[in-house]
Amino acid sequence: MLTPIKYQNQKIKLIIFDWDGTLLDSLSPLTESFIETCKDMDLNKPTINDIRQSFGHKPEQIIYQFFPEESTKNKDFTLIFTSKFRNFYQKKSAKLFPGSKLVLERLSQKGYKLAIATNKTRPLLEKELGETAVESLISMSQTPSEQPAKPNPSMLTHIVDAHGLHAENCLMVGDHENDILAAKAAHIPVVVIAENSSTAEKLTYHQPHAIISSIENLPDWVQQDLTIQA
């Protein structure tokens, strides 16, 4: 049963962000890279919508979802696909959503510690942090290169512990069900971004503490005193 708690802005010390789809507009380059990999390996291409819906899960899960027969028959299939996909993706420049950097700067200026927990690999994250020029604003980041991927809560609990804080002093911000599940398992309140009603309806099923329509709305939301469900 969900219990109402008073979640006050002055208690928030650390905000943990998902990366892809939350701060980074990665959907188009990810989709393009997936299609290019399929073409390169002479595989049937899934629909663009199906590809986009799959992102947020572990790479091996996504590959098996679309190519179960190839993954089962060839033990190296997943490694080959992943390697080719990364090669295509690394050639594309990272691009933040409009307003993302300004939001991070505003929150940092107000004294919040900012961290990232992403299912993207460490090398790709480091490349994109550099390209988007936000690395100096981030106090810590965690990837599957260091901890189990979300929805496992290990990334979040590690970040919280490393900052010497309690879960109630933190906030998770994401755009995927894995962000909600990981945050709830770590007992961290979670806000998700849903730009349309269909996405909001899907995410509501997992009971996030709040849904906002844009990353640009986050600073105003954080500074409210709200009674939320935990």
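Residues numbered from 1 in each chain as written. Predicted model: local features only at pLDDT ≥ 70, side-chain atom pairs only at ≥ 80, totals over all residues. Heavy atoms only, no water.

## A look at the packing of aromatic side chains
Here comes step 1: In total, this model carries ten aromatic pairs according to the counting rule given.
Here comes step 2: Ring geometry for Phe34 versus Phe66: centroids 5.6 Å apart, planes at 70°, classification edge-to-face. Of this pair, Phe34 sits in helix α1 (residues 27–40) while Phe66 sits in helix α3 (residues 59–66), and the two are 32 residues apart along the sequence.
Here comes step 3: The class for Phe34 is buried, based on a relative accessible area of 3%.
Here comes step 4: When the centroid spacing of 6.0 Å and the interplanar angle of 5° are considered together, the rings of Phe85 and Tyr89 count as stacked. Of this pair, Phe85 and Tyr89 both sit in helix α5 (residues 77–90), four residues apart, which is roughly one turn of the helix. Across the pair, exposure class does not vary: Phe85 and Tyr89 are buried alike.
Here comes step 5: Cluster of aromatic residues (ring-pair linked, three or more members): Phe34, Phe55, Phe66, Phe67, Phe77, Phe81, Phe85 and Tyr89. (Phe/Tyr/Trp six-rings, centres within 6.5 Å; stacked < 30°, edge-to-face > 60°. Helix = DSSP H or I, 4+ residues; strand = E, 2+ residues; numbered from the N terminus. Buried < 20%, exposed > 50% of the residue type's maximum accessible area, 1.4 Å probe, protein only.)

## A short note on the sheet that holds strand β3 (residues 113–117)
Here comes step 1: The sheet built from six strands is open, its strands ordered β4-β3-β2-β5-β6-β7 with parallel pairing. Of all strands in the sheet, those bounded by a partner on one side alone are β4 (140–142) and β7 (210–212). Geometrically, the sheet is characterised by an average inter-axis angle of 25° between neighbouring strands, direction not taken into account.
Here comes step 2: Of the pairings in the sheet, the one linking strand β5 (residues 170–174) to strand β6 (residues 190–193) comprises three bridges and is parallel in character. Each residue of the ladder has a partner; that of Met172, found in β6, is Val190.
Here comes step 3: Most of the contacts of helix α9 (residues 177–185) go to β6, to which it runs at about 175°, and overall it touches β5 and β6. (Pairing = 2+ DSSP bridges. Axes fitted to C-alpha atoms, helices over the stretch in contact; angles between N-to-C directions. Contact = heavy atoms within 4.5 Å.)

## Side note on helix α8 (residues 154–162)
Here comes step 1: By the burial criterion, the buried members of α8 are Met155, Leu156, Ile159 and Val160. Down the axis of α8, the smallest arc covering the buried residues is 130°, so these residues share one side.
Here comes step 2: Each element contacted by the buried residues of α8 is listed here: β2 (14–17), β3, β4, β5 and α9.
Here comes step 3: Gly164 occupies a position one or two residues after α8 and carries a positive phi of about 70°. (Arc of directions from axis to C-beta.)

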